[in-house]
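One letter stands for each residue in the lines below.
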Amino acid sequence: MRLGGLVVLVAACVLALAAQASATIAVNRGIAGVNLGMRQVEVRAKLGRPRQIVHGKNEFGQYTEFRYTGYVVAFQNNGTVTSMVTTLAREKTPAGIGVGSLWSQVRARVPHVRCEGRPLLGDCHVGDLLPGRTVTDFFIRSGRVARVVVGIVLD
């Protein structure tokens, strides 16, 4: 009986660690294991089939968006991932910051973050908001993070 209990305990720990590892915002790199620079086929392998695919054109050229529940992955010029957005509270940085976190928590737990606006309505970002630079932006609404974007600044 002890061996059976140990196997169940080990399996539960492995599942908990796997869930924690997949629910991570990697500042200036990616979200949910999808990283900037990935190809569309790699994103599908990681997140599965999108619930919606949107093709469009903006001032920077053609783009494709893969829309999932809680995520939008964008491919500017239909190339590799140029941005990712999440509205899922389960996605967190290693320090536990994500959708639902307070402005004060973002300021205290995200290294090199710069915040603009006010605690009730603003944003906090890591990285320079300059064309070609990589940034992670925590958009604040009503004092809490409403969405997180990891992307390459286009303009």
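The structure this text deals with has already been given above.
These numbers were taken from a predicted model, which means no experiment stands behind them.

Enquirer: How should I be thinking about the side chain of glutamate 65 in this particular structure?
Expert: Tracing the chain through its elements places glutamate 65 in strand β5 (residues 61-68). Exposure remark for glutamate 65: the relative accessible area of 17% places this residue in the buried category. Sequence-distant contacts of glutamate 65, defined by excluding residues within four places in its chain, comprise Gln52, Ile53, Val54, Val72, Val73 and Ala74.

Enquirer: Teacher, can you tell me more about the environment of lysine 57 here?
Expert: With respect to the helices, strands and loops of the structure, lysine 57 is situated in strand β4 (residues 52-58). For lysine 57, a relative accessible area of 64% puts it in the exposed group. Residues lysine 57 and glutamine 76, spaced 19 residues apart in sequence, show a C-alpha to C-alpha distance of 9.1 Å.

Enquirer: Explain the layout of surface pockets to me, please; I cannot follow it from the model alone.
Expert: Over the atoms, a rolled probe matching the size of one water molecule traces out where space is still vacant. Roughly 370 Å³ of internal volume is contained in the largest pocket. Lining the largest pocket are 21 residues; nearest its centre among them are Ser83, Val149, Ile152, Val153 and Leu154. Where the lining of the largest pocket is concerned, the elements lending two or more residues are β5, β6 (71-76), β7 (83-86), β10 (134-141) and β11 (144-152). With four residues, β11 is the largest single contributor of residues to the lining of the largest pocket. When grouped by side-chain class, the residues that make up the lining of the largest pocket number 12 nonpolar, five polar and four charged.

Cut-off values and rules
- Along each chain, residues carry numbers from 1 onward, in the same order as the chain's sequence is written.
- Where totals are concerned, whole chains, interfaces and linings use all residues; where local detail is concerned, this predicted model gives features only for residues with pLDDT of at least 70, and gives and counts side-chain atom pairs only at 80 or more.
- With hydrogens and water set aside, each side-chain value is computed from the structure's full complement of heavy atoms.
- Under the DSSP-based scheme used, a helix requires at least four consecutive residues in state H or I and a strand at least two consecutive residues in state E, with every element numbered from the N terminus.
- Relative accessibility under 20% of the residue-type maximum defines a buried residue, over 50% an exposed one, and the middle range a partly exposed one, all with a 1.4 Å probe and only protein chains included.
- Throughout, a residue-residue contact means that at least one pair of heavy atoms, one from each residue, lies within 4.5 Å.
- Cavities and pockets are found on a 1 Å grid laid over the protein atoms alone: a cavity is a set of points where a 1.4 Å probe fits but cannot escape, a pocket is an open set with protein on both sides within 12 Å along at least five of seven lines, and a lining residue has an atom within 4 Å of such a point.
- Grid points are joined across faces, edges and corners, and a volume is the space filled by probe spheres set on the points.
- When residues are grouped by polarity, Ala, Val, Leu, Ile, Met, Phe, Trp, Tyr, Cys and Pro land in nonpolar, Asp, Glu, Lys and Arg in charged, and all others, Gly among them, in polar.

Limitation: the analysis is restricted to geometry and does not speak to function.
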